[in-house]
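Understanding the architecture of this molecule
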Amino acid sequence: APATAPRQVADSAPDPAAALALAERKQQVQAAVAALPPRQRATLVLAYFQGLSYPEVAEALGCSVGTGKTQMSRALHTLARTLPEPEAGPPTTGGC
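Let me begin by describing the structure that accompanies this report. This one's a predicted model, so the numbers in the text were calculated from it and none came from an experiment. (Residues numbered from 1 in each chain as written. Predicted model: local features only at pLDDT ≥ 70, side-chain atom pairs only at ≥ 80, totals over all residues. Heavy atoms only, no water.)

Some words on the overall build of the chain
Looking only at helices and strands, the chain features four helices and zero strands. Overall, the chain shows an N-to-C arrangement of helices and strands of α-α-α-α. The 96 residues of the chain split such that 20% are buried. In the chain, of all internal contacts separated by at least 6 residues, the share reaching a separation of at least 24 is 59%. Counting only carbon and sulfur atoms, one obtains 59% of the accessible surface of the chain, whose full area is about 7600 Å². (Helix = DSSP H or I, 4+ residues; strand = E, 2+ residues; numbered from the N terminus. Buried < 20%, exposed > 50% of the residue type's maximum accessible area, 1.4 Å probe, protein only. Contact = heavy atoms within 4.5 Å. Areas by Shrake-Rupley, 256 points an atom, 1.4 Å probe, with all protein chains shown as cover.)

Encoded structure:
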């Protein structure tokens, strides 16, 4: 019988460097969210993490929808300024 080449088995374990980078990024985001002013943090948590609509956020916080949107905008602006840019990884699209 002819000899067959050993089959290559795909490694399903996550890349340790990628797992570490993800854990560090998660910690950075958590710290940045914790450092937000209380109203901005509450708005962000309710809208983004809990999935509430702006009217639901406004009702929960006792403010107008416009104020809720302003708080969310300020929170996102602060996070964008505070958090470092993520490390460049492999491209996620099939471009050239």
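A look at helix α3 (residues 54-61)
For α3, the full list of buried residues reads V57, A58 and L61. One face of α3 carries all of its buried residues, which in axial projection span an arc of 100 degrees. For α3, the exposed residues set more than 90 degrees away from the buried face come down to P55, E59 and A60. Buried residues belonging to α3 abut α2 (38-49) and α4 (65-82). (Arc of directions from axis to C-beta.)

Concerning α2
For α2, with 12 residues, the first-to-last C-alpha span of 15 Å sits near the 16 Å given by 1.5 Å per residue. Among all positions in α2, only Q40, T43, L44, L46 and A47 are buried. Those residues of α2 hidden inside the fold are in contact with α1 (16-34), α3 and α4. (Expected span 1.5 Å × (residues − 1).)

Let's talk about the side chain of Q40
With respect to the helices and strands, the residue Q40 is situated in helix α2. What makes Q40 buried here is its relative accessible area of 10%.

Notes on the nonpolar core
Core analysis: the largest hydrophobic core is formed by 14 residues, its most contacted members being L36, L44, V57, L61 and L79. What V57 contacts, discounting residues up to four positions off in sequence, is T43, L46, A47 and L52. (Core = buried A, V, L, I, M, F, W, Y, C linked by side-chain atoms within 4.5 Å.)

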